[in-house]
Amino acid sequence: MRSQFVTKTGVIAATVGSAVGLGNIWRFPYEAGVHGGGAFLILYIVCVFLIGVPVLLAEFVMGRASRANGVGAYRRLAPRTPMRACAYMGILASLMILSFYSVVAGWIIEYLWQSIVDLFYHVTQAEYERQFDSFIANPWRSLGWTVGFLLINFLVLRRGVEKGIERISNLLMPLLFLLLIIFCVNSLMQPKAMEGVKFLFKPDFSQLSPSVVIGAMGQAFFSLSLGLTCMMTYASYFSDGTRLTRSASITAILDSLVAILAGLVIFPAVFSYGFEAAEGPKLVFEVLPAVFAKMPGGAYWAVAFFALLFFASLTSTISMSEISIAYFVEERKMKRTAASGLNTGICMVFGVLCAMSFGVLSDFTICGFTIFNLFDYVSSNILLPLGGIAISLTAGWIIDRNILWDQLTNDGHIRSTWVRPIRFCMRFVAPIAITIVFIYGLL
Ligand code: PHE
């Protein structure tokens, strides 16, 4: 029998555990910084609720109705349609994301280590920017942590879905949330905090461009772990009593809250300490040490924060690995350990290439992107939204409407007020909105 999440909080903890991770704390601030702040935030929130929630529900419905991995779900629910190709695209996206994600998770381990040995917080600002640059360019340290992180991920994966994840995330997510609130209060008390708050919340629509809109949609997909059958695979482990609509809204709300909180930690500090908001992927890693250096007992806060962030990353990478592992085990009849090993092996090769993008391969670009940036851009901004179109169209048009109704109302046990509007969003709103963003992006 397939395993299931045992408790109601287990389901929320697992989906929130998948959603909340580096996407919120590292990627959101850097994307918002690059794309001008306020206008990006609004578009991101609109995408989360207008596109993200319907696609999330579509994944939940398909996952629980089929009780199978992504490829299996399409095969059972949409047989003889070409849609199944999108599940393979999801597997590809998951491997690409895991590869570059592990590099950043490796940076987290380095920062955790630095905070523990307390080397970090006695130097000047220019100094830790330089330290960070030399660290990510250093092949042994940066590559070592990337590989190390993937090995830890592998060890957790071998234990199966419910035990590892449920326990870890149940305990640690609320703590991470609490720490972010404390840091946020601290950042807001800094001298030029209000400039940062304005940057984040005051939309300047003159900044609007196709890249901002595409970026905001990509961020919504990435942050909610959407479009690559990750949430579908997780939903295949939900129990029959799980309320899908409620789980989806809680996940979307908590996930956006964490991203906004991270923005409120980072941007006031960016303006107070004179960093560059549009710094890119390195932003958070340069700003956070400055934040901790100015806090009383900074090194202790840093240890706690990076440790929690490490676990938050791990619950996300476990969920993205589960996509290919469930596929290898169920469709290719591999043993779980072998499947986890294959997933880890592929990502080690690509992860190492991504890590080298900040060092020896920094001049190697494809269409102007380094390997790291290419993996990030192509997966989040192209593959996930395409997967989102396929998923919402499948749930909205192809699968039997009774299946949708049964899943959303738990066989009639809960009220069905939302079923029609949700179905409408799956059939029209989400796919059309994604397509419009793509077309606008091509202009
Ligand atoms: N949502 C995760 C985060 O924000 C990343 C992720 C993407 C996880 C895709 C699973 C699948 O960190």
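Residues numbered from 1 in each chain as written. Predicted model: local features only at pLDDT ≥ 70, side-chain atom pairs only at ≥ 80, totals over all residues. Heavy atoms only, no water.

**Q** Before we go on, may I ask you to explain the overall build of the protein in this structure?
**A** Helix and strand content of the protein: 18 helices and 0 strands. What you see for the protein is a C-alpha radius of gyration of 21 Å, in line with the 22 Å of a compact globule of 443 residues. Each of the three principal axes of the protein carries a C-alpha extent, and together these read 60 × 50 × 45 Å. Looking at the 443 residues of the protein, the share that counts as buried comes to 60%. Within the protein, contacts between residues separated by at least 24 positions form 83% of all contacts whose residues are at least 6 apart in sequence. Within the structure as shown, the protein displays about 17,100 Å² of accessible surface, and the carbon and sulfur contribution to it stands at 67%. Measuring between centres, the 31 positive side-chain charges of the protein sit 11 Å from its 24 negative side-chain charges. (Helix = DSSP H or I, 4+ residues; strand = E, 2+ residues; numbered from the N terminus. Rg over C-alpha atoms; globule rule 2.2 N^0.38 Å. Buried < 20%, exposed > 50% of the residue type's maximum accessible area, 1.4 Å probe, protein only. Contact = heavy atoms within 4.5 Å. Areas by Shrake-Rupley, 256 points an atom, 1.4 Å probe, with all protein chains shown as cover. Lys, Arg positive; Asp, Glu negative; His and termini not counted. Charge placed at Lys NZ, Arg CZ, Asp CG, Glu CD.)

**Q** Please explain empty space enclosed by the protein as it appears in this structure.
**A** Over the atoms, a rolling probe the size of a water molecule traces out where space has been left empty. Applying the stated criterion across every chain yields a total of 3 cavities of 30 Å³ or more. Considering the residues around the largest cavity, the lining is formed by 17 residues, among which Ser18, Ile97, Phe222, Ser225 and Met320 are closest to the centre. Tallied by class, the residues present in the lining of the largest cavity amount to 10 nonpolar, 7 polar and no charged. (1 Å grid on protein atoms, 1.4 Å probe; cavity = no way out; pocket = protein on both sides within 12 Å on 5 of 7 lines; lining within 4 Å. Points joined across faces, edges and corners; volume = space filled by probe spheres on them. Nonpolar A, V, L, I, M, F, W, Y, C, P; charged D, E, K, R; others polar.)

**Q** Could you clarify how one ought to interpret the environment of valine 55 in this entry?
**A** Mapped onto the secondary structure, valine 55 falls in helix α3 (residues 38–66). Through-space distance from the C-alpha of valine 55 to that of alanine 312 is 23 Å; in sequence the pair is 257 residues apart. Setting aside its immediate chain neighbours within four residues, valine 55 contacts Phe221, Leu226, Gly388, Ile391, Ser392 and Ala430.

**Q** Whenever I open this one, the side chain of arginine 423 confuses me. Can you help?
**A** Mapped onto the fold, arginine 423 is located in helix α18 (residues 419–442). No salt bridge is formed by the buried arginine 423, whose closest oppositely charged neighbour, aspartate 400, lies at an N-O distance of 8.1 Å. Apart from the residues lying within four places of it in its own chain, the contact partners of arginine 423 are Gly396, Arg401 and Leu404. (Salt bridge = Lys/Arg side-chain N within 4 Å of Asp/Glu carboxyl O.)

**Q** Help me understand the layout of surface pockets in this model?
**A** Size it by volume and the second largest pocket reaches roughly 210 Å³. Surrounding the second largest pocket, Arg243, Thr245, Arg246, Leu408, Ile414, Arg415, Ser416, Thr417, Trp418 and Val419 form its lining.

**Q** In this structure, what is going on with the nonpolar core? I would like to understand it.
**A** The nonpolar side chains of a soluble globular protein tend to be buried, and buried together. Ranked by size, the top nonpolar core spans 156 residues in total, and within it Trp107 and Phe305 carry the most contacts. Here the element with the most residues in this core is helix α5 (residues 85–117); it accounts for 19 residues. (Core = buried A, V, L, I, M, F, W, Y, C linked by side-chain atoms within 4.5 Å.)

**Q** How do you make sense of the environment of leucine 244 when you look at a structure like this?
**A** As for its position among the elements, leucine 244 is in helix α12 (residues 244–273). Placed 183 residues apart in sequence, leucine 244 and valine 61 show a C-alpha to C-alpha distance of 7.7 Å. Residues within four places of leucine 244 in sequence aside, it is in contact with Leu57, Phe60, Val61, Arg64, Phe238 and Gln407.

**Q** Just checking my understanding: could you explain the site of the ligand for this structure?
**A** Taken together, 15 residues are adjacent to the ligand, and Ala19, Gly23, Tyr101, Phe222 and Ser225 come closest. The backbone of glycine 23 places a nitrogen or oxygen atom 2.8 Å from an oxygen atom of the ligand. Burial of the ligand by the protein chains amounts to 100% of its free accessible area of 330 Å². Of all the elements in the fold, those that place two or more residues in the shell around the ligand are α1 (8–19), α2 (22–34), α10 (210–223) and α14 (298–330). Among the residues making up the shell around the ligand, the classes are represented as 7 nonpolar, 8 polar and no charged. (Near = heavy atom within 4 Å. Polar contact = N/O pair within 3.5 Å; in protein donor to acceptor, adjacent residues only side chain to side chain.)

**Q** When you look at the pattern of salt bridges in this model, what are you seeing that I'm missing?
**A** It is possible for side chains bearing opposite charge to pair when their charged atoms get close. One pass over the structure, following the stated rule, counts 7 salt bridges. One salt bridge connects arginine 67 with aspartate 240, and the closest N-O pair in it is separated by 3.0 Å. With arginine 67 in the loop between α3 and α4 (70–77) and aspartate 240 in the loop between α11 (230–235) and α12, this pair connects stretches of sequence that are 173 residues apart. Given the relative accessible area of 59%, aspartate 240 is considered exposed.

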